[in-house]
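Chains, contacts and geometry: an overview
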Amino acid sequence: MKTIKKIDSLRKELYLYVKKRIGLVPTMGYLHNGHLSLIDQSIKENDISVVSVFVNPYQFGPNEDFNVYPRDMERDLKLLEERGVDILFSPDSKEMYPENFSTFVEVEKLSKALCGKSRPTHFRGVCTVVLKLFNIVNPNNVYFGAKDAQQAVIIKRMKEDLNLDINIRVMPIVRDEDGLALSSRNRYLSKREREAALLMPEALKKVNILINNGVFDANEIRKKIVGELKKSKYIKIDYVEVVNLKTLKSVEIIDKENALVAAAIKVGETRLIDNFILGEI
Ligand code: AMP
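Residues numbered from 1 in each chain as written. Predicted model: local features only at pLDDT ≥ 70, side-chain atom pairs only at ≥ 80, totals over all residues. Heavy atoms only, no water.

Some remarks on the site of the ligand
The full set close to the ligand counts 17 residues, and Met-28, His-35, Asp-148, Val-174 and Leu-182 are the nearest of them. Separating a nitrogen atom of the ligand from a backbone N or O atom of Val-174 is a distance of 2.8 Å. At 2.9 Å, a backbone N or O of Leu-182 approaches a nitrogen atom of the ligand. Bound to the protein, the ligand loses 93% of the 480 Å² it would expose on its own. If you list the elements that add at least two residues to the shell around the ligand, you get strand 2 (22–27), helix 2 (33–45) and strand 5 (141–145). Ranked by the residues each element gives to the shell around the ligand, the list is headed by helix 2, at 3 residues. Looking at side-chain class alone, the shell around the ligand contains 9 nonpolar, 6 polar and 2 charged residues. (Near = heavy atom within 4 Å. Polar contact = N/O pair within 3.5 Å; in protein donor to acceptor, adjacent residues only side chain to side chain. Areas by Shrake-Rupley, 256 points an atom, 1.4 Å probe, with all protein chains shown as cover. Helix = DSSP H or I, 4+ residues; strand = E, 2+ residues; numbered from the N terminus. Nonpolar A, V, L, I, M, F, W, Y, C, P; charged D, E, K, R; others polar.)

Right, here's the structure in full:
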């Protein structure tokens with residue numbers, strides 16, 4: 001595996017692979033099995049797989065965890081080597097955002113829904129870095145996780161709106177044995193907080209069963225999740241929403257082919273998200 005930190009060097013390296021299928025997996029590092037599932041898929045479907053590890057400052061709000069976000073490049077390197085990744089792209093912030101950087105990508109409306117309400121500049125940061133990575137790597141296929149369902153919906157919108165000739169692949173959520181969706185942020189959780197956090201996947205599982213049994217009233221589903229989450233004093237609910245999978249607007253009746261049931265909570269200082277999708281992003 002080659003580790004490349006400079007955009008020019010990456011471009012030069014990738015010139016060697018014209019006419020090859022290139023897969024890209026954008027990450028912020030501190031890799032877990034969720035990331036690795038995207039990477040495995042990329043390796044399966046492409047001739048060359050590029051993984052980026054970049055903790056993107058623009059997707060963190062002023063009071064968020066940018067400075068303490070977990071980083072362990074040595075461990076990531078080892079995991080990527082073992083997996084058979086061809087290129088690790090790990091630029092520093094100055095490489096991605098040189099002085100006078102001033103162009104941002106904003107996907108309107110969708111970016112203001114769900115997580116956008118409490119993280120108003122988050123998706124602007126995500127879309128900007130993702131479009132930059134697309135332009136740098138020029139991939140055929142790019143891999144994202146369904147855990148960040150809103151992110152995947154927004155990036156697909158950006159692809160359509162800006163006519164990007166890239167295949168966006170959205171892979172299922174990978175969970176720990178206890179059901180908690182894997183996240184680099186899980187390491188912040190104390191034992192007690194982790195126990196509390198489990199209420200979220202458990203609540204989603206319960207309402208998934210309800211929906212499969214024909215309960216399509218979105219409000220009833222929402223209330224059920226809120227009720228489950230309120231069982232722990234450690235949980236502060238950011239949102240629980242049932243939305244249309246394309247528009248991310250709230251629905252009253254759940255369409256089994258086109259809905260997203262999503263929740264975001266704070267457990268102590270740690271913000272966690274989870275969801276389940278009915279249909280395809
Ligand atoms: P991050 O490093 O958190 O920015 O995540 C990089 C990519 O991995 C994003 O496309 C995420 O949606 C995806 N991802 C993170 N956690 C999971 C998970 N538990 N299952 C599947 N994909 C995930």
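Regarding the pattern of salt bridges
As enumerated under the stated definition, the model contains 20 salt bridges in all. Between Lys-2 and Glu-13 there is a salt bridge, and its shortest N-O distance comes to 3.2 Å. Of this pair, Lys-2 sits in strand 1 (residues 2–4) while Glu-13 sits in helix 1 (residues 7–15), placing them 11 residues apart in sequence. Using a relative accessible area of 12% as the deciding quantity, one classes Glu-13 as buried. Within this structure, Lys-206, Lys-224, Glu-228 and Lys-231 form a network of salt bridges that share partners. (Salt bridge = Lys/Arg side-chain N within 4 Å of Asp/Glu carboxyl O. Buried < 20%, exposed > 50% of the residue type's maximum accessible area, 1.4 Å probe, protein only.)

Describing the packing of aromatic side chains
In this structure the tally under the stated criterion is 8 aromatic pairs. Relative to Tyr-97, the ring of Tyr-58 has its centre 4.5 Å away and its plane inclined at 85 degrees; by these criteria the two rings are edge-to-face. With Tyr-58 in the loop between strand 3 (48–53) and helix 3 (73–83) and Tyr-97 in the loop between helix 4 (93–96) and helix 5 (115–118), the pair connects residues that are 39 residues apart, well separated along the chain. Tyr-58 gets classed as partly exposed once you look at its relative accessible area, which sits at 32%. An aromatic cluster is present here, built from Phe-54, Tyr-58, Tyr-97, Phe-101 and Phe-104 joined pairwise through their rings. (Phe/Tyr/Trp six-rings, centres within 6.5 Å; stacked < 30°, edge-to-face > 60°.)

Observations concerning the side chain of Lys-159
As for its placement among the helices and strands, Lys-159 is situated in helix 7 (residues 149–161). Buried Lys-159, no salt bridge; nearest opposite-charge side chain is Glu-160, N-O distance 4.5 Å. In contact with Lys-159, not counting residues within four places along its chain, are Leu-164, Ile-166 and Ile-168. (Lys, Arg positive; Asp, Glu negative; His and termini not counted. Contact = heavy atoms within 4.5 Å.)

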